[in-house]
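Observations on the three-dimensional arrangement
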Amino acid sequence: MLTAAKALEKREAMLRDGYVLIENILPESLLEELRQETERLIAGHTEAPELRYQGQHIDEFAVDNPVIDRLLTWKPACDALAAMGFGDFRPEGKVIILTKEAGGPPLYWHQDWIFWNDPLSLAPWPQVVALNYYLTDTSAENGCLRVIPGSHRKRFPLHDRIVPAHEEGARYVSEDDPVMFSEDPDQVLVPVSAGDLVLLDARTLHAAGRNRTDQRRTLVLAWHLRPMDTVPDYWQGEVPAAIADRDPAAEYESLRTPGEFLKP
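Now for a quick tour of the structure. For every chain, the first residue of the written sequence is number 1, and numbering continues from 1 along that sequence. Where totals are concerned, whole chains, interfaces and linings use all residues; where local detail is concerned, this predicted model gives features only for residues with pLDDT of at least 70, and gives and counts side-chain atom pairs only at 80 or more. Note that the side-chain values use all heavy atoms of the structure and ignore hydrogens as well as water.

1. Details of helix 4 (residues 75–83)
Burial status follows relative accessibility: with a 1.4 Å probe on protein chains alone, a residue under 20% of its type maximum counts as buried, one over 50% as exposed, and anything between as partly exposed. Counting from the N terminus, the helices are DSSP H or I runs at least four residues long and the strands are E runs at least two residues long. When we look at burial in helix 4, the residues that qualify are A77, A80 and L81. Buried residues of helix 4 fall within an arc of 100° about the axis and therefore sit on the same side. In what follows, a contact means two residues having at least one pair of non-hydrogen atoms within 4.5 Å. Next to the buried residues of helix 4 lie strand 1 (19–22), strand 6 (128–134), strand 9 (197–201) and strand 11 (217–225). Just beyond helix 4, the residue with positive phi is G85, at close to 95°. The directions from the helix axis to the C-beta atoms are what the arc is built from.

2. A look at helix 2 (residues 28–43)
Given the number of residues in a helix, its expected span is that number minus one, multiplied by 1.5 Å. Its 16 residues place the ends of helix 2 22 Å apart at the C-alpha level, agreeing with the 22 Å of an ideal helix rising 1.5 Å per residue. All of the buried residues in helix 2 are L30, L31, L34, E37, T38, L41 and I42. Along the axis of helix 2, the buried positions cluster into a sector of 135°, meaning they face one direction only. Away from its buried face, by an angle of more than 90 degrees, helix 2 presents the exposed residues Q36, R40 and A43. If you follow the buried residues of helix 2, they end up packed against strand 2 (57–61), helix 3 (66–72), strand 4 (94–100), strand 6 and strand 11.

3. Side note on the packing of aromatic side chains
Any two of the Phe, Tyr and Trp rings considered here, Trp counted by its six-membered ring, make a pair once their centres fall within 6.5 Å; the pair's planes then place it as stacked at under 30 degrees, edge-to-face at over 60, or tilted in between. This model, assessed by the stated rule, comprises 7 aromatic pairs. Relative to Y234, the ring of F86 has its centre 5.8 Å away and its plane inclined at 65°; by these criteria the two rings are edge-to-face. You can see F86 sitting in the loop between helix 4 and strand 3 (90–91) and its partner Y234 sitting in the loop between strand 11 and helix 5 (241–244), a full 148 residues away along the chain. The exposure class assigned to F86 is buried, which follows from its relative accessible area of 1%. Residues W113 and W116 carry aromatic rings whose centres are separated by 6.5 Å and whose planes lie at 75° to one another, so their mutual orientation is edge-to-face. On the basis of relative accessible area, W113 is assigned to the buried category, the value being 1%. Classification of W116 by relative accessible area gives buried; the value is 1%. Through a chain of ring-to-ring contacts, three or more aromatic side chains come together here, namely Y53, Y108 and F181. Here the guanidinium or amino end of R203 rests over the ring plane of W113, the centre of that ring lying 5.8 Å away. Here, over-ring charges are defined by two tests on the NZ atom of lysine or the CZ atom of arginine: distance to the ring centre within 6 Å, and angle to the ring normal within 35 degrees.

4. Brief notes about the pairing of strand 9
With respect to burial, strand 9 is a largely interior element, 5 of its 5 residues being buried. Think of it this way: DSSP has to see at least two bridges between two strands before they count as a pair. Examined bridge by bridge, strand 6 and strand 9 share 5 bridges and lie antiparallel to one another. Across the sheet, residue N132 finds its bridge partner in strand 9, namely V198.

5. Section: the sheet that holds strand 5 (residues 107–110)
Judged by pairing direction, the sheet is antiparallel, and its 4 strands sit side by side in the order 5-10-7-8 without closing on themselves. The sheet is open, and its two borders are formed by strand 5 and strand 8 (188–190), each paired with just one other strand. Across this sheet, the average inter-strand angle for adjacent strands is 25°, counted without regard to direction. Pairing between strand 7 (residues 145–147) and strand 10 (residues 206–208): 3 bridges, direction antiparallel. Counted as the bridge partner of V147 is H206 from strand 10. All axes are obtained by fitting lines to C-alpha atoms, using only the stretch in contact for helices, and the reported angles, taken between N-to-C directions, cover 0 to 180 degrees.

Following this line, the structure appears as structure tokens:
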């Protein structure tokens with residue numbers, strides 16, 4: 001359980017860096033249950049060739065799976081979010097089972113925000129976050145997460161060099177692409193222990209390394225969203241004018257590539 005002081009520290013890290021690690025959220029009993037369930041689902045799944053950089057990529061809905069439902073309603077995780085001021089985030093009702101297969105290739109640099117046309121791109125608070133539950137220990141050896149801290153709110157050189165994410169091009173790049181799989185000078189590695197949770201702002205640039213071991217590395221990702229037309233209760237700072245003046249009824253065309261709202 002996060003103390004008030006620790007929760008504030010974690011929230012400030014999330015706002016500053018675009019990601020934060022919360023240790024030891026899942027107990028061994030739930031971890032083992034999730035390992036068995038994900039392995040069962042993987043055994044009945046054929047990895048799509050175009051998803052080779054993401055490994056197994058399996059959508060599983062809580063309404064159809066009691067184990068996933070248990071994860072999405074796991075009280076220690078919900079309590080941690082609430083303690084940090086993120087209690088208004090709600091899961092979208094499904095998870096994505098992602099793996100780095102034994103000997104599997106790295107995952108390319110990308111970010112997952114699809115609302116770059118929307119003034120909410122300027123938000124100094126997170127709007128869409130991924131909750132990444134790790135079922136195994138990760139390290140540089142088996143392809144741990146890599147992030148560029150602060151890239152959710154500041155334009156870095158990499159933003160203007162990478163291919164747009166996922167189906168918009170990144171899935172089809174060559175594994176020797178010198179940009180998409182680069183060692184970036186601004187990157188940090190985020191090794192974790194099994195049962196840890198990493199919160200990741202959808203706007204944050206991230207990637208993962210190659211799995212150089214003979215064991216699969218699995219995580220369960222759950223996207224969470226907060227209301228798009230409110231300011232978080234904890235926020236005491238200035239609200240960007242473009243957000244304050246934003247028409248909540250307006251429709252903004254989706255866009256994966258950062259535009260004018262992401263400044264250097």
